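Secondary and tertiary structure notes
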Amino acid sequence: MRISLGRTLGAAALLAIAGMVLAGCHLQDHGSGPGAPTGVHVVAPAGRSQAPASGEVPVDVRLDRGFDVGSLRVWLVTGDPWHGDRREITSRLTRDDTGATTMLHAADLRPGLTTIEAVASRRGHWWHGDQADHGLGFGSEQGSSTFSWEPALDLTIASRCDVLAPAKCLMPFPNDFFTVRDTTTPTGRRVHFDPASMTANSSGVRVNPTEWNRNDGFSPGAMIVTYVPGLDLARSGAAPITDIGASLRPDQPILLLDATTGRHWPFFAELDAQANPANQRALIIRPARNLIEGHRYVVALRGMRDATGASIPAGRGFQLYRDRIPTFSWAIEARRSHLEHVLGDVEEAGWQRNDLYLAWDFTVASTNNLASRMLHIRDDAFASLHGGAPQFTVTQVQDNVDDQIYRRVTGTFTVPSYLTGDGSAGNGFAYAPGAGPDALPVRTGDFTAGFICNIPRSTTADGNDPVHPARGGVYGHGLLGSNDEVNAGNVRTMGNAHNLVYCATKWAGFSEDDIGAAVAALQDLSNFPKVADRTQQGFLNFLFLARLLKDSRGFASNPAFQAGAAHTPVLDGTVFYDGNSQGGILGGAVTAISTEWTRAVLGVPGMNYSTLLQRSSDFSTYALILDPAYPDEMDRIVGFSVLQMLWDRAEADGYAEHMTDDPYPGTPAHQVLMHVAFGDHQVANVTAEIEARTIGARVLQPALAPGRSPDVVPLWGIPAVPTLPWTGSAIVYWDSGNPAPPLGNIAPTEPAYGPDPHENPRRTPAAQLQKSEFLEPGGALFDTCSGAPCLAPNS
């Protein structure tokens, strides 16, 4: 095992060694303070000080009584005190009765340590040595002062902005630089964003970091961002989205290391395809499988090259740590021990310290921090039912709706509310007065949610016998939509063909009711926490709707959900989840925390909005609001990663680790079927594949026809379904024949990428049959595509 100097000695020892080196090299500050054993005093610059970036440094040397001012000589030593550049500046002195002054300028200095050495003799004594030597003669004494100068770094903000990649204050990101020690959290850290470091919108309003500072780490789907000027990823050999396996090769120029286990983590790297100007492109590193909650990760870069193949040198901020260059900046030195530890991790991984362009680390938020609010309101709300069913009211019954739906039932149901005010859009979680950062939401009253249920004719053709009780399905609608999506043709067809009663409620937090709140969050990201909070209330609403479907004291107890002479319930007491698009994204989260269903279909799903947004054709509408508010693309890139820290509470990314076979306490394991539309314009395929790897899903092969995927190894890291029928979780691709999606962070659009296949899987009879068989109690995945890749024709 390699043992680094920093890891062995620690910060205190390094600083002690640095002090001994300074002393041994005559860089101690002779004459700089009271009681110094010399009559020559370098009063300015002050010893062990940091010079301003301007390089304007006044020099003031004072002599004790009895010294000859005319004998005073002064040298400027830049760099190494023994082998550095030594220049006499005596001719520049302005002498007075007790000493001399002059001014240094940037042209006189070099980054690093600089020493002012002054020598003078007492009256009546002489020099020993020629003009090139400043050896001390009898009666001569020396004074010195050492300072550091780092003009490339803004040290006035170095305590709150990272100097490692100073293109943006929060770069590189995520980053434990923006945390503090906190023994009360599971990770031992607490996010600590300084308000002055947060991005400001075009109105000058900075993001309020209060809600982020509740976190004990960063997103498990962290969008890792930094800036390398002039970087060419192909020339550098970084693993692209089409070759994730390359990220684990020993010659890879980017390292993503689980420092908790020592395991190299798969990823792909890309440059921001939407950069403006185009030559200032952020480097984005995306984990190919979610990072493990509570673990610490190290990111390292080496061999960075530009388009000509020339090596890109490390920035000065990182050089200070990599090359053990001392400074007199408290902000720089306070971090040295931590970065020595990081560099030690990199060396233990087999990389050479001197080869590094950049390295830093970050801690992933703990399970408790990510999910505790949601699990708390779930458990508290269900405890209030005392084992029963929620209260509900039927407000409308419509019979003989069409040739597929016998009855449509509309109404409301009551859910405990944990939101401020009336719980409407724009309200966030309520906390007890004076509550600390780890406080949990408190109940404020009741939330009235609406529902729509469709009873198919397969259950009862006309309300008479025979009655065929149906499985109950909770349906999740699409982006900022409504529960009336349950009335869509494909949902009605699915229900009638497979005897399913679908019920839907709105995604509180992400429905048509929340469009105004979403716009407000795009204009000022400080408003986003309310969106995440209300979405969690929406998850709770979905669970209560499921309880109404499965409990005999719920919907089944009401005549609207009964048929035949004996008033037979049309529900058989089982329940599943089925959602599409946003319903597939949020559905992964609500499935992970569901105590009510164990089987779910996620239609055209994905996760991690920091990856999804710019790859979605839907986002162009919302970019018209976001871009003027935050006109700098690099600010937006960092902002997406910052937002994901809270979005994890309100979408699958923050819950994926526990969605299937590693459930939360008090939660059953779940089986999940993912139906993906190849080349989807709205939900990027790459996010579904990352989700599949994270939840341990297997892929039904053959997934795609040869040549359809641009990847070196299609669906890398997702094992094939080993046998059919398959009772575990699975991902199935449905191909409509349109082109593969773009490789960068841009969206496929018509006509270049063909008609959007987003809605095709849900409309395809073979896909509906596969879903139905999977959603049976004790169901399984069957091949409904006759051993060939599954096709979903454009409709």
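Residues numbered from 1 in each chain as written. Predicted model: local features only at pLDDT ≥ 70, side-chain atom pairs only at ≥ 80, totals over all residues. Heavy atoms only, no water.

Let's talk about the overall build of the chain
Scanning the chain from N- to C-terminus turns up 16 helices and 30 strands. Based on the C-alpha atoms only, the size of the chain along its principal axes is roughly 125 × 60 × 45 Å. For the chain, the residues scored as buried account for 59% of the 795 residues in total. Considering only contacts within the chain whose residues lie at least 6 apart along the sequence, 74% involve residues at least 24 apart. Per element, the accessible surface of the chain, about 28,800 Å² overall, is 53% carbon and sulfur. Computing the positive centroid from 59 side-chain charges and the negative centroid from 82, the chain places the two 3 Å apart. (Helix = DSSP H or I, 4+ residues; strand = E, 2+ residues; numbered from the N terminus. Buried < 20%, exposed > 50% of the residue type's maximum accessible area, 1.4 Å probe, protein only. Contact = heavy atoms within 4.5 Å. Areas by Shrake-Rupley, 256 points an atom, 1.4 Å probe, with all protein chains shown as cover. Lys, Arg positive; Asp, Glu negative; His and termini not counted. Charge placed at Lys NZ, Arg CZ, Asp CG, Glu CD.)

A word on the sheet that holds strand 16 (residues 283–287)
Pairing is antiparallel across the open sheet formed by three strands, whose spatial order is 12-16-15. Edge strands, defined here as strands with exactly one partner in the open sheet, are strand 12 (224–226) and strand 15 (267–271). For this sheet the average axis-to-axis angle between neighbouring strands, irrespective of direction, equals 20°. Pairing geometry for strand 15 and strand 16, over five bridges, is antiparallel. By the bridge assignment, Phe267 is partnered in strand 16 with Pro287. (Pairing = 2+ DSSP bridges. Axes fitted to C-alpha atoms, helices over the stretch in contact; angles between N-to-C directions.)

A look at the pairing of strand 16
In terms of burial, strand 16 is a largely internal element, five of the five residues being buried. Here strand 16 shows a buried face lined by Leu283, Ile285 and Pro287 and a second buried face lined by Ile284 and Arg286. Across three bridges, the pairing between strand 12 and strand 16 is antiparallel. Counterpart to Ile224 in the pairing with strand 16 is Ile285.

Considering unusual backbone geometry
Cis geometry is adopted by the peptide bond preceding Pro45, which originates at Ala44 and carries an omega value of 0°. Looking at the element boundaries, Pro45 is found in the loop between strand 1 (40–44) and strand 2 (49–50). Between Leu724 and Pro725 the backbone carries a cis peptide bond, its omega angle lying at -5°. Tracing the backbone shows Pro725 in the loop between strand 29 (698–699) and strand 30 (730–734). Phi at Val604 is positive, roughly 35°, even though this residue is not glycine. Mapped onto the elements of the fold, Val604 is located in the loop between strand 27 (599–603) and helix 11 (609–612). Backbone geometry at Asn608 places phi at a positive 80°, although glycine is not the residue there.

Notes on the state of the cysteines
Scanning all chains against the criterion turns up three disulfides. What pairs with Cys785 in a disulfide is Cys790, and their sulfur atoms sit 2.0 Å apart. Where Cys785 bonds to Cys790 through sulfur, the torsion about that S-S bond is close to 105°, and the disulfide is right-handed. What connects to what in the chain, once the bonded cysteines are numbered by sequence position, is 1-2, 3-4, 5-6. (Disulfide = S-S within 2.5 Å.)

Describing the sheet that holds strand 29
Spatial strand order, 19-20-21-23-22-26-27-28-30-29: ten strands in an open sheet with mixed pairing. This sheet does not close on itself; its edge strands, each paired only once, are strand 19 (392–399) and strand 29. Pairing between strand 27 and strand 28 (residues 671–677): five bridges, direction parallel. Its bridge partner being in strand 28, Ala600 is matched across the sheet by Val672. Strands in contact with helix 16 (residues 765–775) are strand 22 (470–476), strand 26 (571–580), strand 27, strand 28 and strand 30; relative to strand 28, the strand with the most contacts, it is inclined by about 170°.

Side note on the pattern of salt bridges
One pass over the full model with this rule turns up 40 salt bridges. Two residues, Arg553 and Asp551, come together in a salt bridge whose shortest N-O distance is 3.0 Å. Look at Asp551 and you get buried, because its relative accessible area is 11%. By sharing partners, the salt bridges in this structure join Asp60, Arg62 and Asp96 into a single network. (Salt bridge = Lys/Arg side-chain N within 4 Å of Asp/Glu carboxyl O.)

Some details on helix 13 (residues 633–647)
Here helix 13 contains 15 residues, and its C-alpha end-to-end distance of 20 Å stays within 8% of the 21 Å for a straight helix at 1.5 Å per residue. Within helix 13, 15 of the 15 residues are buried, which leaves the element mostly enclosed by the surrounding structure. The residue sitting at the N-terminus of helix 13 and contributing the capping side-chain oxygen is Asp632; that oxygen lies 2.8 Å from the backbone nitrogen of Met634. (Expected span 1.5 Å × (residues − 1). Polar contact = N/O pair within 3.5 Å; in protein donor to acceptor, adjacent residues only side chain to side chain.)

Notes on the pairing of strand 21 (residues 445–456)
Bridging between strand 20 (residues 405–417) and strand 21 involves twelve bridges; their strand directions are antiparallel. Bridge pairing in strand 21 links Val409 to Cys453. One ladder, built from three bridges, connects strand 21 with strand 23 (residues 500–504); its direction is antiparallel. What sits directly across from Cys453, in strand 23, is Cys503.

Notes on the side chain of Asn454
Within the secondary structure, Asn454 is located in strand 21. Under the relative-accessibility criterion, Asn454 is labelled buried at 3%. Polar contacts involving the side chain of Asn454 include one to the main-chain carbonyl oxygen of Val486, which spans 3.3 Å. Look past the residues within four positions of Asn454 in its chain and what remains in contact with it is Ile405, Arg407, Arg408, Val486, Asn487, Arg492, Leu500, Val501 and Tyr502.

A word on the packing of aromatic side chains
According to the stated counting rule, one finds 26 aromatic pairs in the structure shown. The interplanar angle of 45° and the centroid separation of 4.7 Å between the aromatic rings of Phe451 and Phe555 together place this pair among those described as tilted. Here the residue Phe451 occupies a position in strand 21, and Phe555 occupies one in the loop between helix 9 (528–550) and strand 24 (562–563), the gap between them amounting to 104 residues. When sorted by exposure, Phe451 lands in the same class as Phe555, which is buried. Here the aromatic cluster, defined as three or more aromatic residues joined through ring pairs, consists of Trp507, Phe539, Phe542, Tyr577, Trp597, Tyr655 and Tyr664. Positioned above the aromatic ring of Tyr431, the side-chain terminus of Arg214 is 4.2 Å from the ring centre. (Phe/Tyr/Trp six-rings, centres within 6.5 Å; stacked < 30°, edge-to-face > 60°. Lys NZ or Arg CZ within 6 Å of the ring centre and 35° of its normal.)

Thoughts on the nonpolar core
Core analysis: the largest hydrophobic core is formed by 175 residues, its most contacted members being Phe193, Phe362, Phe555 and Phe561. Here the element with the most residues in this core is helix 9; it accounts for twelve residues. With sequence-adjacent residues up to four places away left out, Phe362 is seen in contact with Pro174, Asn175, Asp176, Phe218, Ala222, Ile224, Leu291, His295, Arg296, Tyr297 and Val299. In terms of nonpolar packing, the next biggest core, distinct from the first, is built from 24 residues, Ala504, Val721, Trp726 and Ala730 among them. (Core = buried A, V, L, I, M, F, W, Y, C linked by side-chain atoms within 4.5 Å.)

Quick look at the packing of helix 8 (residues 515–523) against helix 12 (residues 619–629)
Interaxial distance between helix 8 and helix 12 falls to 8 Å at its minimum, and their mutual angle equals 30°. With respect to helix 12, the axis of helix 8 lies roughly parallel. Along its contact with helix 8, which presents Val519, Leu522 and Gln523, the element helix 12 presents Tyr622, Ile625, Leu626 and Ala629. When grouped by side-chain class, the residues that make up the contact of helix 8 with helix 12 number six nonpolar, one polar and no charged. (Parallel < 35°, antiparallel > 145°, perpendicular 65-115°, else oblique. Nonpolar A, V, L, I, M, F, W, Y, C, P; charged D, E, K, R; others polar.)

Focus: helix 7 (residues 489–498)
Every buried residue of helix 7 is listed here: Asn490, Val491, Arg492, Met494, Gly495 and His498. As for helix 7, its buried residues are in contact with strand 20, strand 21, strand 22, strand 23, helix 15 (760–763) and helix 16. Directly beyond the C-terminal end of helix 7, a positive phi value near 55° is found at Asn499.

With respect to the environment of Arg353
The residue Arg353 is located in the loop between helix 5 (336–348) and strand 18 (356–363) in this model. We classify Arg353 as buried; its relative accessible area is 5%. Sequence spacing of Arg353 and Val672 is 319 residues, and the spatial spacing of their C-alpha atoms is 44 Å. The residues contacting Arg353, other than those within four sequence positions of it, are Tyr321, Arg322, Arg324, Glu340, Leu343 and Glu347.

Without other data, these values stay purely geometric and don't point to any function.
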